[in-house]
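Examination of the molecular architecture
Here are the chains, one letter per residue:
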2 protein chains.
Amino acid sequence: MDLNSVDADFIAGLEADLPAGILGEADHRYLEEPRGRYRGQAGVLARPQSAEQVSVLLRAANIARVPVVPYGGGTGLVGGQVMGTGPAPLVISMERMNAVRVVYPQENVLVAEAGAILADVQAAAQSEERLFPLSLASEGSAQIGGNLSTNAGGVNVLRYGNARELCLGLEAVLPSGDIWHGLSRLRKDNTGYDLRGLLIGAEGTLGIITAAALKLSPIPAATGTALLVVSSPAAALAILSLAQDRLGEGISAFELIHRQGLQFLTETLPQVRQPFATPPEWCVLVELGLARGLDPELALADLFEAAMTAGHALDGVIAQSEAQRQELWALREQIPEANRLIGSVSSHDISVPLSAIPEFILRGGVRIEALGDFRINCFGHLGDGNLHYNVFPAFGRSRADYEAQRGAVKRTVHDLVHEMGGSISAEHGVGRIKVEDIARYGDPVRLAAMQAIKQALDPNGIMNPGAVLRV
Amino acid sequence: MDLNSVDADFIAGLEADLPAGILGEADHRYLEEPRGRYRGQAGVLARPQSAEQVSVLLRAANIARVPVVPYGGGTGLVGGQVMGTGPAPLVISMERMNAVRVVYPQENVLVAEAGAILADVQAAAQSEERLFPLSLASEGSAQIGGNLSTNAGGVNVLRYGNARELCLGLEAVLPSGDIWHGLSRLRKDNTGYDLRGLLIGAEGTLGIITAAALKLSPIPAATGTALLVVSSPAAALAILSLAQDRLGEGISAFELIHRQGLQFLTETLPQVRQPFATPPEWCVLVELGLARGLDPELALADLFEAAMTAGHALDGVIAQSEAQRQELWALREQIPEANRLIGSVSSHDISVPLSAIPEFILRGGVRIEALGDFRINCFGHLGDGNLHYNVFPAFGRSRADYEAQRGAVKRTVHDLVHEMGGSISAEHGVGRIKVEDIARYGDPVRLAAMQAIKQALDPNGIMNPGAVLRV
């Protein structure tokens, strides 16, 4: 289906149907993405203030067959927010629909508009003594609508689930312009197909989320954090099992860190304090959030002792203060910045079944070594089987030296992930960068079903063309 | 689209493509449903042994345009498993695909075939010291495939979620006969639309689930149960908040019981021991499952004291032994049987936003009273906002006396639920009984999207015709 560029007639029509000031120029902020690999085409920018205005926009675009690019905080890492080729699009930024509409503390529910910044949603929950547990590096600028559209993950998935599990209901505008009023606050509602779950993770290809009813949690009574040196990734998994047997859902985060990441910190961010004189090969950052009556420091000490006795842990630091806790987290949270400063040859956001992680790390290392001289920084959300497996130039060399090998590195990692039953996009989504990858690795029956659903809900193909599915 | 009855040619074709003994007669066991309101038409019965055989069956049915009725444990309460009108169908029972294929204790994952009995899945998890938390009255005969197809709920949703939240991946056969190999054990996989979530809760109208990768949980270190007499439903909700602030996810169940239920037990099942000499108007059954280091009896005693001090609780019993625990649960679990023996005029499986429950109960009582002389037994999963709101004849009268009023009672309850932002089917699904209700109360944009998805994935309309959506 051919699409048309926005033109003067299209814009004039929208201007007639919308209040002044909704339309504007799509300046560079809306056309770039964080890794600088895509540049969007300048079409026209709309910044609607209500679902009704989004409806006017989509209805017009659908009739005129103009492509629509939904735009949240712009923090996506897979190019889902910028359309680099094809007709000039209508970019719809949700930034003005940024209200937290209401919090229901007794229900553990919060209703926010799609453009609300994730950190603001967290703060609104906090102010009612509740927790909105979605937490990720870009939370200061990412918008909740984008988080939902990409089914965002982050550090607390182990305990609280992905964005999809944190959403009870949606208000959304479908490609036809019809508004679905689905802001349910219900925990149970079995009255038909899971349209909510379908729009979440569809990356703006099936409609635009305009508001969401989100699930809150009680704030754990006490929090504790430790960094444990572990003898291997398998030992880290054994400690996770130990911890779950003892503390059940009390484990909020369980992050793997490799020596390479600590060395990158030393190299690029020497001001980040490191607790160990010699960076250990593997460590895990464990965060507990426990119920009243339990002492997290004691629980971590017990866990550490059991892990030492079993030979899984070799050393460890338990935070004794909030400042120490922040310091331990800073290690984990600064690794992506260190990575950026080093400059990766190829970065991968992958997951494999939990018990396959040690073998994946082993085999991955062997295969990458066979390709040449690289450094691998493998770290991330071990508790979810989600690793950021990033491949870097050898010391003293640069990203540019490896241009010719980038494709082979990526292919090698993805092939191995696929062989081991994993996912080549654990939490970042497909966007435009991975469309060909899912065409290669995805189940063909599922892909055909996705195409059929896309065709059914967006027959003119206006929504975020080129993202997720081949055009 | 017109469908055709199974005929001799169709059966002969299947016999040629399948091993002997797969096809047979659909005897009465496959044509009845627990409430005896529908009787299915005798078509032909298939009991496949593999996804490949299910594929052969669906491919043939799709070509011949023969309706297909998927059949699990037959315990559904909304007629989803029996097709009472239209052409004689192909009934596909999953009973022979009942293996628990494998348990991965370290991953907290279990892979089971669709025909596995829920209790067997629970036992397989238990034997590896893990918990599969889905728990409901019919677990001894319900099959996991049916549980998933109906997105089953039960008593532990508050803590662990509905069936959809307990499933990581599916193997399923689409109406075309194509097999989707989606038995992912991944916690994070953002590679496209949530086909898993769409098939779950679709009640067999979009395909047949043949196997599932299920999420297990650690078994809580210690469990405690109490029955608290509360001053009102609002007080019960206040106690829930208190409990969540103290114990976080440690609350496994929070069930509301009304005096009427206890009186029905006295009337019909006098052997069930009741802890209070005079049945209190409202009580809640609280179950805790806590981490190591916490004593559930102590935690319940503390909670009870705080609730007494605040005036929310009036009396209470904390189970001191497993036998006492069973006794308290028997009260809750025997109420449905007592209801059955009394014989309801109309039963409703509804949910409303949590904070609206007290008002719903109040207004419901007033509206039902305006219709005539009834007894109301309102009980259920308070922690999820899910009430079984059942209306019974006055004492000494029978269900038959109220035939003429049944429709008005149902309509009154559903109208009120709808006014209050609730769901007319919280956990049982739509089946055939509630198709007109969701057409009346459902969001029209969502219903249109559901129809479009159905048309896209099942263009010939062979899958469970008449369930969920109007034919």
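I will try to describe carefully the structure that is included in this document. (Residues numbered from 1 in each chain as written. Chains lettered and ligands numbered in written order. Predicted model: local features only at pLDDT ≥ 70, side-chain atom pairs only at ≥ 80, totals over all residues. Heavy atoms only, no water.)

As a further point, take the packing of helix H1 (residues 8-17) of chain A against helix H2 (residues 51-64) of chain A. Two numbers describe a pair of packed helices, the interaxial angle and the distance between the axes. Residues and elements named next belong to chain A. Two numbers describe how H1 lies on H2: the axes approach to 10 Å, and their chain directions differ by 150 degrees. Of the possible angle classes, the one that applies to H1 and H2 is roughly antiparallel. The hand of the H1/H2 crossing is right-handed. Listed contacts from H2 to Phe10, Leu14 and Asp17 of H1 are Val56, Leu57, Ala60, Ala61 and Ala64. (Axes fitted to C-alpha atoms, helices over the stretch in contact; angles between N-to-C directions. Helix = DSSP H or I, 4+ residues; strand = E, 2+ residues; numbered from the N terminus. Parallel < 35°, antiparallel > 145°, perpendicular 65-115°, else oblique. Left-handed = near helix turned anticlockwise from the far one by under 90°. Contact = heavy atoms within 4.5 Å.)

Attention now goes to the environment of Pro358 of chain B. Residues and elements named next belong to chain B. Mapping Pro358 onto the fold places it in helix H11 (residues 357-371). By relative accessible area, which is 24% here, Pro358 ends up partly exposed. Sequence spacing of Pro358 and Ala163 is 195 residues, and the spatial spacing of their C-alpha atoms is 27 Å. Here Pro358 is in contact with Pro233, Ala234 and Leu237, once residues within four sequence places are set aside. (Buried < 20%, exposed > 50% of the residue type's maximum accessible area, 1.4 Å probe, protein only.)

Turning our eyes to something else, we now look at the sheet that holds strand E9 (residues 179-182) of chain B. All names here are of chain B. Reading across the sheet, the five strands line up as E5-E6-E10-E8-E9 and stay open at both edges, with antiparallel pairing between neighbours. Since the sheet does not close on itself, it has two edges, and those belong to strand E5 (100-104) and E9, each with one partner. Strand after strand, the sheet turns through a mean of 15 degrees between neighbouring axes, direction not considered. (Pairing = 2+ DSSP bridges.)

In this assembly, 83 residues from chain B lie in contact with 83 residues from chain A. Summing both partners gives a buried area of about 6900 Å² for chain B against chain A, and 55% of it is carried by carbon and sulfur. Contact with chain A buries surface across chain B, with Lys188, Asn190 and Tyr193 of chain B losing the most and accounting together for 16% of the total. Among the salt bridges present, the one from Lys188 of chain B reaches Asp384 of chain A, with a minimum N-O distance of 3.4 Å. At the boundary of chain B and chain A, one finds 46 residue pairs in polar contact (both at pLDDT 80 or more). Where the side of chain B that touches chain A is concerned, the elements lending two or more residues are helix H5 (157-160), E9, helix H6 (195-199), helix H7 (233-247) and helix H14 (444-457) of chain B. Among the elements that make up the side of chain B that touches chain A, the one with the highest residue count is H14 of chain B (nine residues). (Buried area = accessible area lost by both parts, 1.4 Å probe. Salt bridge = Lys/Arg side-chain N within 4 Å of Asp/Glu carboxyl O. Polar contact = N/O pair within 3.5 Å; in protein donor to acceptor, adjacent residues only side chain to side chain.)

Residues and elements named next belong to chain B. Counted at 1.5 Å a residue, the expected span for helix H2 (residues 51-64) with its 14 residues is 20 Å, and the 20 Å between its end C-alpha atoms agrees. Regarding H2, the residues found buried are Ala51, Gln53, Val54, Ser55, Leu57, Leu58, Ala61 and Asn62. Positive phi shows up at Arg65, right after H2, with a value of about 55 degrees. (Expected span 1.5 Å × (residues − 1).)

Now for the relation of the copies chain B and chain A. Once turned by 180 degrees and shifted 0.0 Å along the axis, chain B lies on chain A with an RMSD of 0.0 Å. Given the turn and translation reported, the copies of this chain are related as if by a two-fold rotation axis. Most of the interface of chain B is mirrored in chain A, where 100% of its interface residues are also at the interface. (Least-squares fit on C-alpha atoms with pLDDT ≥ 70 in both.)

Glancing now at the packing of helix H11 (residues 357-371) of chain A against helix H12 (residues 406-419) of chain A. Residues and elements named next belong to chain A. The contact between H11 and H12 brings their axes to 10 Å, and the two run at 155 degrees. In terms of orientation, H11 lies roughly antiparallel with respect to H12. At the point where H11 passes H12, the crossing takes the right-handed sense. Within the contact between the two elements, H11 uses Phe360, Arg363, Gly364, Arg367, Ile368 and Leu371 and H12 uses Ala408, Val409, Thr412, Val413, Leu416, Val417 and Glu419. Across the contact of H11 with H12, the residue classes break down as eight nonpolar, two polar and three charged. (Nonpolar A, V, L, I, M, F, W, Y, C, P; charged D, E, K, R; others polar.)

Residues and elements named next belong to chain B. Residues Leu90 and Ile92 point to one face of strand E4 (residues 90-93) and Val91 and Ser93 to the other, with burial holding for every one of them. Inspection of the sheet shows strand E2 (residues 44-46) paired to E4 by three bridges, in the parallel sense. Its bridge partner being in E4, Val44 is matched across the sheet by Leu90. Two strands pair when backbone bridges link them, and strand E3 (residues 68-71) and E4 are joined in this way by four bridges, in the parallel orientation. Of the residues in E4, the one forming a bridge with Val69 is Val91.

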